There are 2 protein chains.
Amino acid sequence: MPGKRQYSSCDVPAAPGRKTLDRNKMYPFQDGFRWKGVRVEKYRADAHDWSDIIRQVLIGPEQKSAKFHVRYFELSPGGFSSHETHNHEHVVIGVRGKGRARLRSRNIEIKFLDVLYVRPGSPHRFFNPYDEPFGFFCIVSAKRDRPRPVRTKKSKSGI
Amino acid sequence: MPGKRQYSSCDVPAAPGRKTLDRNKMYPFQDGFRWKGVRVEKYRADAHDWSDIIRQVLIGPEQKSAKFHVRYFELSPGGFSSHETHNHEHVVIGVRGKGRARLRSRNIEIKFLDVLYVRPGSPHRFFNPYDEPFGFFCIVSAKRDRPRPVRTKKSKSGI
């Protein structure tokens, strides 16, 4: 439209005339638990004690002013994440299917919109013993320490 | 059970023998978009330019180490939030029904699992022009400035 500023489908207007690091942004939800404008990534490249997970970073380093990041993880049936601990907290919100978190020796069931707070320093792992994909949001501080692997007999055997 | 430590339904075990500010915690999702262990609150008491909203603080000041807070807001049909701006960002995730955000002069539709990033300093308001409740998560930094009201002709008239 002549005379009207054009935006991509994911950009929404911010205040004109101001230089800022970030823009308002919309990531529309799409079929198959994908978000428009967000790419599907490998869970992590720096560890190997995990299986069958993908990651979509909805709010991440691209939003330079953001104090926290929002990621979506999805574990295929039988999938599991690294057994790890770190000094930052996780907030996990189940959104697709159901799965479990192992917090020390206890398994916690996570279903649709259950909210789990994993406090700093608590060893944890997520896994999916069910027949459907298990997807959840995981929110973390933008400034955070690197996860440390937890070595136990149980972690060596997968779950 | 004798000899076994008891937890409330929402507490899950953290490392024994360590004194920490926080505990791992599960907030199970319940019918009617409620979470067990989370109380339903008034949206805000320090402003009056809003209508028909409730708030549930899932992750808030109770988790003293948390660097961010996760709240659930629900707008009844016709409800709207304060027209405001602040220096912290919002991340909004639609989870119940659908509604809209006004960002400057543009209305952005928010549906199930759409993710909206509202950058620092962007005036905004949420409203529900539909017949069903509109519920969303709103994630904010734990350290944040106080919202400032946006005075416009439109904001005086509600939406």
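Residues numbered from 1 in each chain as written. Chains lettered and ligands numbered in written order. Predicted model: local features only at pLDDT ≥ 70, side-chain atom pairs only at ≥ 80, totals over all residues. Heavy atoms only, no water.

1. Brief notes about the overall build of chain A
Across its full length, chain A holds 1 helix and 14 strands. A burial count over chain A gives 53% of its 159 residues as buried. A sequence separation of at least 24 residues applies to 62% of the contacts in chain A between residues at least 6 apart. Entry remark: accessible area of chain A is about 7,900 Å², with carbon and sulfur atoms responsible for 50%. (Helix = DSSP H or I, 4+ residues; strand = E, 2+ residues; numbered from the N terminus. Buried < 20%, exposed > 50% of the residue type's maximum accessible area, 1.4 Å probe, protein only. Contact = heavy atoms within 4.5 Å. Areas by Shrake-Rupley, 256 points an atom, 1.4 Å probe, with all protein chains shown as cover.)

2. Quick look at the pattern of salt bridges
In a structure, side chains of opposite charge can pair up when their charged atoms sit close to one another. Residues and elements named next belong to chain B. With the rule as written, the count across this model stands at 14 salt bridges over all chains. Of the charged contacts in the structure, one is a salt bridge between Arg96 and Glu74, with a shortest N-O distance of 3.1 Å. Of this pair, Arg96 sits in strand S8 (residues 90–96) while Glu74 sits in strand S6 (residues 68–80); the two residues are 22 residues apart in sequence, bridging distant segments of the chain. The partly exposed category is assigned to Arg96, whose relative accessible area is 21%. (Salt bridge = Lys/Arg side-chain N within 4 Å of Asp/Glu carboxyl O.)

3. Things to note about the layout of surface pockets
Of the voids in this model, the largest pocket is the one considered here, and its volume is about 690 Å³. Along its surface, the largest pocket is lined by 34 residues, and Tyr43, Arg55, Arg71, Phe73 and Arg144 of chain B are the ones closest to its centre. Ranked by residue count, the leading element in the lining of the largest pocket is strand S5 (residues 51–59) of chain B, at 4 residues. Here the residues of the lining of the largest pocket sort into 13 nonpolar, 10 polar and 11 charged. Of the pockets and cavities examined, the second largest pocket occupies roughly 370 Å³. Along the wall of the second largest pocket there are 22 residues; nearest its centre are Tyr43, Arg71, Phe73, Glu84 and Pro147 of chain A. (1 Å grid on protein atoms, 1.4 Å probe; cavity = no way out; pocket = protein on both sides within 12 Å on 5 of 7 lines; lining within 4 Å. Points joined across faces, edges and corners; volume = space filled by probe spheres on them. Nonpolar A, V, L, I, M, F, W, Y, C, P; charged D, E, K, R; others polar.)

4. Describing the relation of the copies chain B and chain A
Each of the two chain copies can be generated from the other by rotation about an axis followed by a shift along it. Once chain B has been moved 0.0 Å along the axis and rotated by 180°, it coincides with chain A to within an RMSD of 0.0 Å. Both copies of the chain, as the preceding transformation shows, are related through a two-fold rotation axis. Relative to the rotation axis, the closest C-alpha in chain B is found at Phe68 of chain B, a distance of 3.4 Å. (Least-squares fit on C-alpha atoms with pLDDT ≥ 70 in both.)

5. Focus on the interface of chain B and chain A
Interface extent is often summarised as the accessible area lost during association of the parts. Each side of the interface is counted separately: chain B has 52 residues, and chain A has 52 residues. Of the roughly 4,300 Å² buried at the junction of chain B and chain A (both faces included), carbon and sulfur atoms supply 67%. When the buried surface of chain B facing chain A is broken down by residue, Phe68, Tyr117 and Arg119 of chain B rank first, second and third, together holding 17% of it. Seen at the junction of chain B and chain A, the total is 0 salt bridges. Linking chain B to chain A there are 18 residue pairs in polar contact (both at pLDDT 80 or more). The set of elements that each furnish at least two residues to the side of chain B that touches chain A consists of strand S1 (25–27), S5, S6, S8, strand S10 (106–110), strand S11 (115–118) and strand S13 (134–141) of chain B. Looking at side-chain class alone, the side of chain B that touches chain A contains 33 nonpolar, 7 polar and 12 charged residues. Alignment of strand S11 (residues 115–118) of chain A against S1 of chain B, held across 3 bridges, turns out to be antiparallel. Residue pairing in the sheet places Val115 of chain A in a bridge with Tyr27 of chain B of S1 of chain B. (Buried area = accessible area lost by both parts, 1.4 Å probe. Polar contact = N/O pair within 3.5 Å; in protein donor to acceptor, adjacent residues only side chain to side chain. Pairing = 2+ DSSP bridges.)

6. Considerations on the confidence of the model for chain A
All names here are of chain A. Summary statistics for chain A give a mean pLDDT of 85 and a share of 79% for residues scoring 70 or more. A low-confidence stretch, residues 1–9 stays under pLDDT 50, and its non-local contacts, those more than four residues away or across chains, total 6 contacts. Low confidence marks residues 155–159, where pLDDT is under 50. Its contacts with residues over four positions away, or in another chain, come to 10 contacts. (pLDDT = per-residue confidence, 0-100.)

7. Regarding the packing of aromatic side chains
For any pair of aromatic rings, the description consists of the separation of the ring centres together with the inter-plane angle of the planes. Using the criterion set out here, one finds 22 aromatic pairs over all chains in the structure. Among the aromatic residues, those joined into a ring-pair cluster are Phe29, Phe33, Trp35, Tyr72, Phe112 and Phe137 of chain A together with Phe29, Phe33, Trp35, Tyr72, Phe112 and Phe137 of chain B. One Lys or Arg, Lys98 of chain A, reaches over the ring of Tyr130 of chain A and ends 4.5 Å from the middle of that ring. (Phe/Tyr/Trp six-rings, centres within 6.5 Å; stacked < 30°, edge-to-face > 60°. Lys NZ or Arg CZ within 6 Å of the ring centre and 35° of its normal.)

8. Observations concerning the nonpolar core
The biggest cluster of nonpolar side chains holds 36 residues, and the ones touching the most others in it are Trp35, Val70 and Phe137 of chain A together with Trp35, Val70 and Phe137 of chain B. Not counting residues up to four positions away in its chain, the partners in contact with Phe137 of chain B are Ile93 and Leu113 of chain A together with Trp35, Leu58, Val70, Arg71, Tyr72, Val91, Val92, Ile93 and Val95 of chain B. (Core = buried A, V, L, I, M, F, W, Y, C linked by side-chain atoms within 4.5 Å.)

9. Focus on the side chain of Thr85 of chain B
All names here are of chain B. Tracing the backbone through its elements, the reader meets Thr85 in strand S7 (residues 84–85). The class for Thr85 is buried, based on a relative accessible area of 10%. Among the polar contacts listed, one links the side chain of Thr85 to the backbone oxygen of Gly121, at a separation of 3.5 Å. Excluding anything up to four places from it in sequence, Thr85 contacts Gly121, Ser122, Pro123, His124, Arg146, Pro147, Arg148 and Val150.

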